[in-house]
Amino acid sequence: MYSWRKVKDRMFFVLILTISILAITPIIHMMVAVLANGFPMILKAGWGFFVKTPPTPLSQDIGGIAPSLIGTAILTLVSLPITIVLALFSAILVNEFPRNPLSIAIDVVAKSLASIPTIAVSMVIYILVVVPMGRFSALAGAIALTIVALPYAYTYISTVLGSIPLTYREAAYSIAMSRWKTIVKVLLPIAKRGFAIGILMTMARILGETAALLFVVGRYRTATSISIIEPVDAIPLLIFDYILTPYPIMQQIAWASAAFLLLIYITIFIAIKIIVKEVRL
Amino acid sequence: MLISKRDKILFYLLLPPATTLLCFLVLTILVISSISLDSIQIFGIKLFISNIWNPEHEEYGLIAPIIGSISTSIIAILTAFSLAMPLSIFIAEYLYGFTKKVFSSIIEVMGGLPTILYAMWASTYLVPVLKNYVMEILYSQFSFIPLFSCKPITGFSVFAAGVSIGISIVPYVVAMISEAYQSIPFAYKEACYGIGATRYETIKMLVSIAKPAILASLILGFARSLGETTIAVATVGNSMYLSSCIFAPSYTVSALIASQFANAYLYRYAGSVLYVGALVILAISILLSFLGLTIIIKWRTRLVV
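The rules behind each value
Residues numbered from 1 in each chain as written. Chains lettered and ligands numbered in written order. Predicted model: local features only at pLDDT ≥ 70, side-chain atom pairs only at ≥ 80, totals over all residues. Heavy atoms only, no water. Helix = DSSP H or I, 4+ residues; strand = E, 2+ residues; numbered from the N terminus. Buried < 20%, exposed > 50% of the residue type's maximum accessible area, 1.4 Å probe, protein only. Contact = heavy atoms within 4.5 Å. Areas by Shrake-Rupley, 256 points an atom, 1.4 Å probe, with all protein chains shown as cover. Lys, Arg positive; Asp, Glu negative; His and termini not counted. Charge placed at Lys NZ, Arg CZ, Asp CG, Glu CD. Pairing = 2+ DSSP bridges. Expected span 1.5 Å × (residues − 1). Bend = angle between axes of the 7 residues up to and from the residue. Buried area = accessible area lost by both parts, 1.4 Å probe. Salt bridge = Lys/Arg side-chain N within 4 Å of Asp/Glu carboxyl O. Polar contact = N/O pair within 3.5 Å; in protein donor to acceptor, adjacent residues only side chain to side chain. Axes fitted to C-alpha atoms, helices over the stretch in contact; angles between N-to-C directions. Parallel < 35°, antiparallel > 145°, perpendicular 65-115°, else oblique. Left-handed = near helix turned anticlockwise from the far one by under 90°. Nonpolar A, V, L, I, M, F, W, Y, C, P; charged D, E, K, R; others polar. Core = buried A, V, L, I, M, F, W, Y, C linked by side-chain atoms within 4.5 Å.

### Regarding the overall build of chain A
When helices and strands are counted, chain A shows 11 helices and zero strands. Ordering the α and β elements of chain A from the N terminus gives α-α-α-α-α-α-α-α-α-α-α. Each principal axis of the C-alpha atoms in chain A carries an extent, and together these give about 75 × 70 × 35 Å. Looking at the 281 residues of chain A, the share that counts as buried comes to 52%. Counting only contacts in chain A whose residues sit at least 6 apart along the sequence, the fraction spanning at least 24 positions is 72%. Counting only carbon and sulfur atoms, one obtains 71% of the accessible surface of chain A, whose full area is about 12,700 Å². Where the 21 positive side-chain charges of chain A centre and where its 10 negative ones centre are 9 Å apart.

Right, dumping it as structure tokens:
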């Protein structure tokens, strides 16, 4: 016997199911489309993809993304460690002295800065770093990325630190360990895997950031530069510039770069999942 | 609070690195407002009530990009909400075990993906589909409503940008709604089932408890879409066109900055005016995220366990 309530219950389920499928379709389609468009282009470019410079509108050869690849690597290598260290210190401070007004201020600011428009970061770093230096540089880019990624890294690490049961701290204090020793010898080792995940997530954030780099790194892609005070390029910037051009050859290399970026993300994500699984054991 | 001397030393040692963000926020506000001041002094209120971008004659008015940003974000958050709310309920209530893991994993991946991928996909695939199957139909059936009153020409428009940004923030909104939904004590659910409520009725009850937190996640999602740059540049159509119709190409503040900043140094005030634009979206998004976070914290403390 079906009552109106049961019918409503079924109808609700069907509605929820339909919209959920609708919500997830665009993303699946996006990933499939990026891989389907980009992967053949990576194959077409071959090894040149990693060592050549990008094509000009008239070139026949699809070229490669070496300048952007190296640029992204430099930016990540410089900004990731700085971000993690700063985030770690901030998180420890807030976790150890939670009632201090400064800690509260740091916590609130970090959380609000997570939604700051990243293009504004780019404009500020342009004034603070690029103008005084007189040129675009990887250094300016790394600083901009640090500012963008810091709130994320902070939020993540402080969640990890906050989730350590209080009993560990009590045990350490009861054998007369100092606060600093407790942090270094007890709390940090417990949170090791959580940190690993936090570092990977921060890295993902840094790798994909576009808007924060727009006005600071110089988009220099005619040759490969490995100096930190020279202009560089980044993979997201290359995609951003090339996808809006009308030239097929440039769009092809943009799709190839997008597919490459997506593959890196999938790898990072699988790594995170493996670490999470180990934590459960 | 700081009792022992050693603790004090530790506190002061940790202080300099920990205050980086604080310093940066202060610097940001100082830099952006001091540069904005240049053009605010010259143009005054005209910047916010007129619509013109003519650097050759040093004439500027930002009303179109500001309205463009706000309407894009409203469309984005409506899109994101109508997709994210059912999705969070579906994951929390109807999925178990392996499928639940797969679904939440997909959403986690979605949330981490760089926006440039969304921008690329939206400008290539989503905009044409929206134009042919949504905009054309709304225009032909409802053109008497001012919002739908113009014929979509290329499809690149406020509407397209709103929907694209909306899709890109779905994972973010889902994460926040799910977190709120799951922090409701289990006792409420048990109570609902205990008096014989159907699943639909139970969900309705739980959602009504989570309402403030859901509102907060919408506010935070709005703040985030306001600052979105790459997707906006790729889909909004980039033209200084002020219209009540959401199918017309327009600008958002961040798209304007992204496309004009590189040439702004050629003119006396163009750069400064762009900083005014940045100041506007920065102020709105910081205020909104502060508001959103406050609502969530208040809701948490009031939740009876």
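Back to the write-up after that little detour.
### A short note on the pairing of strand β2 (residues 59–62) of chain B
Residue and element names in this part refer to chain B. Bridging between strand β1 (residues 51–54) and β2 involves four bridges; their strand directions are antiparallel. Bridge pairing in β2 links Asn 51 to Leu 62. Linking two consecutive strands that pair antiparallel, namely β1 and β2, is a turn of four residues; a positive phi of about 55 degrees is found at Glu 58 within it.

### Side note on helix α2 (residues 20–43) of chain B
All names here are of chain B. Counted at 1.5 Å a residue, the expected span for α2 with its 24 residues is 34 Å, and the 34 Å between its end C-alpha atoms agrees. The largest bend along α2 measures about 30 degrees and falls at Leu 37. Of all the positions in α2, only Leu 21, Phe 24, Leu 25, Thr 28, Val 31, Ile 32, Ile 35, Ser 36, Ser 39 and Phe 43 are classed as buried. One or two residues past the end of α2 sits Gly 44, with phi positive at roughly 60 degrees.

### Notes on the environment of Lys 5 of chain B
Following the sequence through the fold, Lys 5 of chain B ends up in helix α1 (residues 5–18). Measuring from C-alpha to C-alpha, the distance between Lys 5 of chain B and Ser 178 of chain B comes to 43 Å, with 173 residues separating the pair along the chain.

### A short note on the interface of chain A and chain B
Counting residues at the interface gives 76 residues for chain A, matched by 73 residues for chain B. Looking only at chain A, the three residues that lose the most surface to chain B are Met 30, Phe 97 and Met 123 of chain A, adding up to 9% of its buried area. Linking chain A with chain B are one salt bridge. Residue Glu 201 of chain B is joined to Arg 5 of chain A by a salt bridge in which the shortest nitrogen-to-oxygen separation is 2.9 Å. There are seven residue pairs in polar contact (both at pLDDT 80 or more) connecting chain A and chain B. Listing elements by their share of the side of chain A that touches chain B, those giving two or more residues are α1 (4–45), α3 (66–96), α4 (101–113), α5 (118–133), α6 (138–162), α8 (179–190), α10 (235–243) and α11 (248–280) of chain A.

### Some remarks on the pattern of salt bridges
In this structure the tally under the stated criterion is 14 salt bridges over all chains. Here the residues in one salt-bridge network are Arg 219, Arg 221, Asp 233 and Asp 241 of chain A, joined through shared partners.

### Considering the packing of helix α9 (residues 199–227) of chain B against helix α12 (residues 270–302) of chain B
All names here are of chain B. Two numbers describe how α9 lies on α12: the axes approach to 8 Å, and their chain directions differ by 160 degrees. Put simply, α9 runs roughly antiparallel to α12. Judged by the twist between their axes, the crossing of α9 over α12 is left-handed. Here Ile 209, Ala 210, Pro 212, Ala 213, Leu 215, Ala 216, Ile 219, Leu 220, Phe 222, Ala 223 and Leu 226 of α9 come into contact with α12, specifically with Ile 281, Ile 284, Ser 285, Leu 288, Ser 289, Leu 291, Gly 292, Leu 293, Ile 295, Ile 296 and Trp 299. Counted by class, the contact of α9 with α12 contains 19 nonpolar, three polar and no charged residues.

### Notes on the nonpolar core
One broad rule of soluble globular proteins: the nonpolar side chains tend to lie buried together. One finds Leu 113 and Ile 257 of chain B to be the most contacted residues of the largest nonpolar core, which totals 202 residues. Excluding residues that lie within four positions of it along the chain, Ile 257 of chain B makes contacts with Ile 119, Met 123 and Phe 215 of chain A together with Leu 274 and Ala 278 of chain B.

### So, unusual backbone geometry
For Arg 219 of chain A, which is not glycine, the phi torsion reads 45 degrees and is therefore positive. Tracing the backbone through its elements, the reader meets Arg 219 of chain A in the loop between α9 (192–208) and α10. Arg 219 of chain A gets classed as partly exposed once you look at its relative accessible area, which sits at 27%. The phi dihedral of Glu 58 of chain B is positive, around 55 degrees, even though this residue is not glycine. A residue is classified by how much of its surface remains accessible, and Glu 58 of chain B, at 23% relative accessible area, is partly exposed.

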